[in-house]
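Here is what each chain is made of, one letter per residue.
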Amino acid sequence: MRIDIITVLPELLASPFEASILKRAIEKDLVEVHLHNLRDYSSGNYKQVDDYQFGGGAGMVMMIEPIDKCISQLKAERAYDEVIYMTPDGETLNQGIANQISMKENIIVLCGHYKGVDQRVRDMHVTREISIGDYVLSGGELAAAVLCDAVIRLLPGVLNDETSALTDTFQDNLLAPPVYTRPAEYKGLEVPKILLSGDFPKIEKWREEQALERTQKRRPDLLK
Ligand code: 6GU
């Protein structure tokens with residue numbers, strides 16, 4: 001998979017890809033992430049990427065020209081399956097959407113700022129608009145990092161134990177059951193006996209029950 005991220009703040013997006021699972025995925029060539037500084041595509045001496053909105057109103061709008069230049073240049077080099085615009089008025093990211101996007105070959109992720117991008121960018125290039133939740137961030141960069149993390153960890157070969165994404169919370173609309181590691185007793189707090197029993201069918205059944213109970217208690221909306 002190849003991900004091209006268009007941003008006015010590339011420095012904000014560097015570190016998520018320099019540690020842990022995402023770093024390893026890049027090193028193993030399972031994904032390529034390319035950051036594009038939108039200012040490199042602006043014309044004029046001031047490297048302007050935003051301007052006042054027509055019709056008046058507070059807040060700047062990201063201009064169409066630099067974004068179109070950047071996206072058009074990328075599209076001339078290869079075919080893209082999806083141009084995703086990160087915006088609080090997009091569809092809310094969930095595991096199902098992450099699963100869908102993880103099947104794509106090449107995607108562009110455009111990070112919004114200020115009052116967002118000129119609507120004509122959305123009309124002309126954007127195929128999908130994604131939010132990461134009902135709160136406002138100062139820009140789309142951290143949301144893009146969240147999306148990339150959720151997607152990249154699903155790519156085959158990224159996780160050490162290939163089956164482990166299958167037992168994630170939300171994969172099958174259930175929260176994950178509680179987990180424990182050594183020691184078996186700590187300050188009087190004991191690990192559930194069943195987990196030490198070695199009876200794996202019984203353990204599996206216990207985990208399913210716990211997952212269901214936890215989901216009923218915390219997120220009954222997932223069971224509807
Ligand atoms: Cl994608 N962008 C911004 N600016 N704020 C958000 C968001 C995106 N998702 C949730 N809040």
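Please refer to the structure placed before this passage.
What counts as what
Residues numbered from 1 in each chain as written. Predicted model: local features only at pLDDT ≥ 70, side-chain atom pairs only at ≥ 80, totals over all residues. Heavy atoms only, no water. Helix = DSSP H or I, 4+ residues; strand = E, 2+ residues; numbered from the N terminus. Rg over C-alpha atoms; globule rule 2.2 N^0.38 Å. Buried < 20%, exposed > 50% of the residue type's maximum accessible area, 1.4 Å probe, protein only. Contact = heavy atoms within 4.5 Å. Areas by Shrake-Rupley, 256 points an atom, 1.4 Å probe, with all protein chains shown as cover. Lys, Arg positive; Asp, Glu negative; His and termini not counted. Charge placed at Lys NZ, Arg CZ, Asp CG, Glu CD. Pairing = 2+ DSSP bridges. Right-handed = clockwise from strand over helix to strand, strands pointing away.

Draft legend 1. Main features of the overall build of the chain. Of the regular secondary structure elements, the chain holds six helices and nine strands. For the chain, the C-alpha radius of gyration of 22 Å lies well beyond 17 Å, the compact-globule estimate for 224 residues. Taking the principal axes of its C-alpha atoms as reference, the chain extends roughly 70 × 40 × 35 Å. Going through the 224 residues of the chain one by one, you find that 40% of them count as buried. For the chain, the proportion of contacts with a sequence separation of at least 24, taken over those separated by at least 6, is 75%. Total accessible area on the chain stands at roughly 13,300 Å², and carbon and sulfur atoms take up 52% of it. For the chain, the centre of its 26 positive side-chain charges and the centre of its 35 negative side-chain charges are spaced 5 Å apart.

Draft legend 2. A look at the environment of threonine 167. In this structure, threonine 167 sits in the loop between helix H5 (141-152) and strand E8 (185-186). Here threonine 167 falls in the exposed class, since its relative accessible area comes to 58%.

Draft legend 3. Examining the pairing of strand E2 (residues 32-37) more closely. The sheet contact formed by strand E1 (residues 2-7) and E2 spans six bridges and is parallel. Its bridge partner lying in E2, isoleucine 5 is registered against leucine 35. Remark: the E1/helix H1 (residues 20-27)/E2 crossover connection has right-handed handedness.

Draft legend 4. Highlighting the environment of arginine 128. With respect to the helices and strands, the residue arginine 128 is situated in strand E7 (residues 128-131). Since its relative accessible area comes to 14%, arginine 128 is described here as buried. The spacing of arginine 128 and serine 20 is 108 residues in sequence and 28 Å in space, taken between C-alpha atoms. When neighbours within four sequence positions are excluded, arginine 128 is seen to be in contact with Glu82, Val83, Ile84, Tyr85, Glu91, Ile97, Gln100 and Ile101.

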